[in-house]
Amino acid sequence: MSCESEAGVVVCGVLALLLHDPEIDAAPEICEGLSLLQHRGQDACGIVTCGPKGRFYQCKANGMVRDVFDAATVSRLVGSMGVGHVRYPTAGSSAHAEAQPFYVNSPYGIVLAHNGNLINTSSLLHFMDATAHRHINTSSDSELLLNIFADNLQKTGKFRINEDDIFTAIGGLMNQCKGAFACTAMLAGFGIIAFRDPNGIRPIGMASRRTPSGALDYMFASESVVADAGGFTGWQDVRPGEAIIITRSSVSRRVVCKPQTFAPDIFEYVYFARPDSVLDGISVYRSRMAMGDLLAEEVRRVLGEKGLSVDVVIPVPDTSRVAALNLAQRLGLPYREGFVKNRYVGRTFIMPGQQARKKNVRRKLNAMALEFADKNVLLVDDSIVRGTTSKEIVQMAKDVGAKSVIVASCAPPIRHSNVYGIDMPSRVELVAHGRSDTDIAEALGADLVIFQTLPDLLSAVRQFNTEITTFDCSVFTGEYVTGGVDESYLAHLETLRGDNIRQKTVVGDLGALEGKGGGGERPNGVNGINGHAATYQREAGEVSSGAPTNGTDDTVGLYNSWGTKQDAAYMT
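Residues numbered from 1 in each chain as written. Predicted model: local features only at pLDDT ≥ 70, side-chain atom pairs only at ≥ 80, totals over all residues. Heavy atoms only, no water.

(A) Here's a closer look at unusual backbone geometry. Omega for the peptide link from S106 to P107 comes to 0°, which places this bond in the cis form. If you trace the backbone, P107 turns up in the loop between β5 (102-104) and β6 (110-118). The peptide bond linking P317 to D318 adopts the cis configuration, its omega dihedral lying at 0°. Its place among the elements puts D318 in the loop between β16 (312-315) and α10 (321-331). Positive phi, normally seen in glycine, also occurs at H133, with a value near 55°. Its location among the elements puts H133 in the loop between α4 (121-132) and α5 (141-154). (Helix = DSSP H or I, 4+ residues; strand = E, 2+ residues; numbered from the N terminus.)

Written out as structure tokens, the structure is:
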């Protein structure tokens, strides 16, 4: 899946930064941090900063970090603390309105960025409507999560809140929300916050940096690589069920819910995370080395049983390189780079739409005939999901003269949907679903396919932190650590999250997108209520609309002037 990366959607990346010096703007460094998390999502990105008097400044849009944030835009994001996000739409549509961070003005002014996916959105939406009386403007569960948090803070009834109030609100949220969530948040004029779901499915951590004056800057991020690049040290993972609140004068930490099974997503180590990151005490790089070593033994066993031989080991760029090199060394086989990658084409895994992914493969990779011609080739990939890209790569190898092509996967067969932030929408779209290894090889056009066993994959990762006894392996086993996922839920999910359906969100339907209602894209570009088109100005933050003010207009909230390139979005 490295180049192949064809599951559909990668998880998001979140970041928050608080600089001790209030005269220094945080936006340039947040922008740099988001570029280091770009591998976690290329669909959209956004930054919200907090400046003097608690004023928020915002810019967010569809596109890559480098395209959305030019120098002029970043210079207008004022304030010494802020929150950033890179996203692919694991839930919700691809509209600009779905880009994060999300903002709500009451109470106190709150901004939130979310990585993960909620599985009980239908009941939460009913609560928002019937009890909390809060309007959800988009079909993103991240906005829903923000409003749950805001509603819990509202219940304090206080003019000014303190850390205890925030911990209580987040504890309530964790009791209400089921699924995966690793979040960064910011309260106007107060500080930055991070919290992680009780199972710790999605990663997030914190680090600090000593300033010349001896004070400390603080950062939250999805991966440790962001802290390393920014000169931050002392990386600590946010514990499952923990919330951390950082102001300029204090750092407060508290586990705010009952202990549950700690089960980080093992796919982070297989594919998602950068190799130079350390997540939950486990080096991603070293875990991939171990995957290669253990996969080598499985390859040796299978080839021996079938009486086959291999001439060369070739990785599918980029993620599988580490494992492929170790595999080749263990088997005593030549390792060659047989594919040259065009680095100016986006990762196919996070390209929305099957046709876009398929068309993109041959523009992305070029097979070097010298490394394939008249050879029995072992292609090593980190995982095989839909199989469409793997099929193209196998065919490319044969087109340049490979005698035979065997595919080895560092991950076991993926036969089940993921409900925690990876869009593997339909089980029938997974090449391994309902197929034997022989059937999968035939579907890929390969002579043989060899999968890592699940016990070996677990061993490869767990050996670096034996305190973690469980990982979320639901895509391999169909066992969901949070509970609450049954066949009817999965069937409903599959009708809503396929490639051909994602762009057809039903607006105002509480059943849409796993029960995430409202605010979806309207047919024919209509953006108002009852078919009335909504319009707005991008100049001085003025918003006008042909629809009622409580309609699902994607300009509601912080004014966002992205697109003019003259104005950073802002609103008090």
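There is more to say, and it comes next.
(B) Empty space enclosed by the protein, seen in detail. One pass over the full model with this rule turns up five cavities of 30 Å³ or more. As a volume, the second largest cavity reaches approximately 50 Å³. Within the lining of the second largest cavity, the residues separate by chemical class into five nonpolar, one polar and one charged. (1 Å grid on protein atoms, 1.4 Å probe; cavity = no way out; pocket = protein on both sides within 12 Å on 5 of 7 lines; lining within 4 Å. Points joined across faces, edges and corners; volume = space filled by probe spheres on them. Nonpolar A, V, L, I, M, F, W, Y, C, P; charged D, E, K, R; others polar.)

(C) Seen up close, the pattern of salt bridges. Following the criterion strictly, the structure yields 28 salt bridges and no others. In this structure, the salt-bridge partner of E242 is R253, at a minimum N-O distance of 2.9 Å. Placement of E242 in strand β12 (residues 242-246) and of R253 in strand β13 (residues 251-255) is noted, with a sequence separation of 11 residues between them. A relative accessible area of 31% places R253 in the partly exposed class. A salt bridge links R321 to E337; its shortest N-O distance comes to 2.9 Å. Of this pair, R321 sits in helix α10 while E337 sits in the loop between α10 and β17 (339-341), and the two are 16 residues apart along the sequence. What makes R321 partly exposed here is its relative accessible area of 23%. On the accessibility criterion, E337 (28% relative accessible area) is partly exposed. Among the charged side chains, a network of salt bridges with common partners joins R40, R202, E223, D265 and E268. (Salt bridge = Lys/Arg side-chain N within 4 Å of Asp/Glu carboxyl O. Buried < 20%, exposed > 50% of the residue type's maximum accessible area, 1.4 Å probe, protein only.)

(D) Inspection of the sheet that holds strand β21 (residues 448-451) at higher detail. Pairing within the open sheet is parallel, and its four strands lie in the order β16-β19-β20-β21. The open sheet has two edge strands with one neighbour each: β16 and β21. When the angles between neighbouring strand axes are averaged without regard to direction, this sheet yields 25°. Sheet topology note: the strand β19 (residues 376-381)/strand β20 (residues 404-409) ladder contains six bridges and is parallel. Pairing of L379 across the sheet is with V407, part of β20. Against the sheet, helix α9 (residues 284-306) touches β19, β20 and β21, its axis set at about 140° to β21. Sheet strands touched by helix α13 (residues 388-399): β19 and β20. Its angle to β20, the strand with the most contacts, is close to 145°. (Pairing = 2+ DSSP bridges. Axes fitted to C-alpha atoms, helices over the stretch in contact; angles between N-to-C directions. Contact = heavy atoms within 4.5 Å.)

(E) Highlighting α5. Over its 14 residues, α5 runs 20 Å from end to end, which matches the ideal 20 Å to within 8%, given 1.5 Å per residue. With 13 of its 14 residues buried, α5 lies for the most part within the structure. Two or three places before S142, at the start of α5, stands the capping residue S140, its side-chain oxygen 3.1 Å from that residue's backbone nitrogen. (Expected span 1.5 Å × (residues − 1). Polar contact = N/O pair within 3.5 Å; in protein donor to acceptor, adjacent residues only side chain to side chain.)

(F) Region of the structure containing the sheet that holds β5. Taken in spatial order, the six strands make up an open sheet running β5-β6-β7-β8-β12-β13, and their pairing is antiparallel. Looking at which strands have only one partner, the edges of the open sheet turn out to be β5 and β13. Direction aside, neighbouring strands of the sheet carry axes that sit 15° apart on average. Judged from the six bridges that link them, strand β7 (residues 179-187) and strand β8 (residues 191-196) form a sheet pairing that is antiparallel. Within β8, the residue paired with A185 across the bridge is I193.

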